[in-house]
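So the chains spell out like this:
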Amino acid sequence: METVANQHMEQDKKDSLGSPRRRKKASIVELTDSALERMRMLLEKHRKEAKSGDDDVYIRLGVKRRGCNGLAYTLNYDSTKKKFDEEVDYSQPYGVRMLVDAGAIMHVLGTRMDYVEDDLRAEFVFVNPNAAGTCGCGESFTTQSDEFKRAKE
């Protein structure tokens, strides 16, 4: 027996034309307002120094093998989106577009990125649910997939 609630749930899964609705794709990386504001300022400065009004400048998030725990986050400017990169678009209202390097996706999926500024530091802080371990200074991290890969070597 189909209930009224079930009928409404089935209707909610379809658009006004009866086609299945597409869910909004979850962002690979969540950026806080503080992180977005800092990235906006950095991108503006970069464009000004490069004497370019080019809006196709991204901030690329990647990971690199280094540090005492194996992996470290990298942030760079880039104007080219590669084939398997994932774009995180915060162009409205911040004007920030980030590319997540294809090789970093499995390590940063679900990560929350913040920008913290106090008397002693000013830095981006990553809260990564995939991190199986971090070093004491917080500079590097490891994930279970990275630990597994290193154990096989």
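Residues numbered from 1 in each chain as written. Predicted model: local features only at pLDDT ≥ 70, side-chain atom pairs only at ≥ 80, totals over all residues. Heavy atoms only, no water.

What follows deals with the confidence of the model for the protein. Mean pLDDT over the protein stands at 77; residues scoring 70 or higher make up 68%. Across residues 1–12 the pLDDT falls below 50, and counting only partners more than four positions away or on other chains, this stretch makes 2 contacts in the model. Segment residues 147–152: pLDDT under 50, and 7 contacts once partners within four positions in sequence are set aside and those in other chains are kept. (pLDDT = per-residue confidence, 0-100. Contact = heavy atoms within 4.5 Å.)

Bringing the sheet that holds strand 1 (residues 29–31) into the picture now. Here we have 3 strands laid out as an open sheet, ordered 1-6-7, and mixed in their pairing. Each edge of the open sheet carries a strand with a single partner, namely strand 1 and strand 7 (122–127). Across the sheet, the axes of successive neighbouring strands diverge by a mean angle of 25°, strand direction being ignored. With 6 bridges connecting them, strand 6 (residues 111–117) and strand 7 associate as antiparallel partners. When the sheet's bridge partners are listed, Asp114 is paired in strand 7 with Val125. Lying on the sheet, helix 2 (residues 33–49) is in contact with strand 1, strand 6 and strand 7; it crosses strand 6 at an angle near 70°. (Pairing = 2+ DSSP bridges. Helix = DSSP H or I, 4+ residues; strand = E, 2+ residues; numbered from the N terminus. Axes fitted to C-alpha atoms, helices over the stretch in contact; angles between N-to-C directions.)

Helix length check: helix 2 (17 residues) gives 24 Å between terminal C-alpha atoms against 24 Å at 1.5 Å per residue, within 8%. Those residues of helix 2 lying buried are Ala35, Leu36, Met39, Leu43 and Arg47. Looking straight down helix 2, one finds its buried side chains confined to an arc of 100°; they lie on one side. Pointing more than 90 degrees away from the buried face of helix 2 are the exposed residues Asp33, Lys45, Lys48 and Glu49. After helix 2 finishes, the residue Lys51 shows a positive phi value of roughly 50°. (Expected span 1.5 Å × (residues − 1). Buried < 20%, exposed > 50% of the residue type's maximum accessible area, 1.4 Å probe, protein only. Arc of directions from axis to C-beta.)

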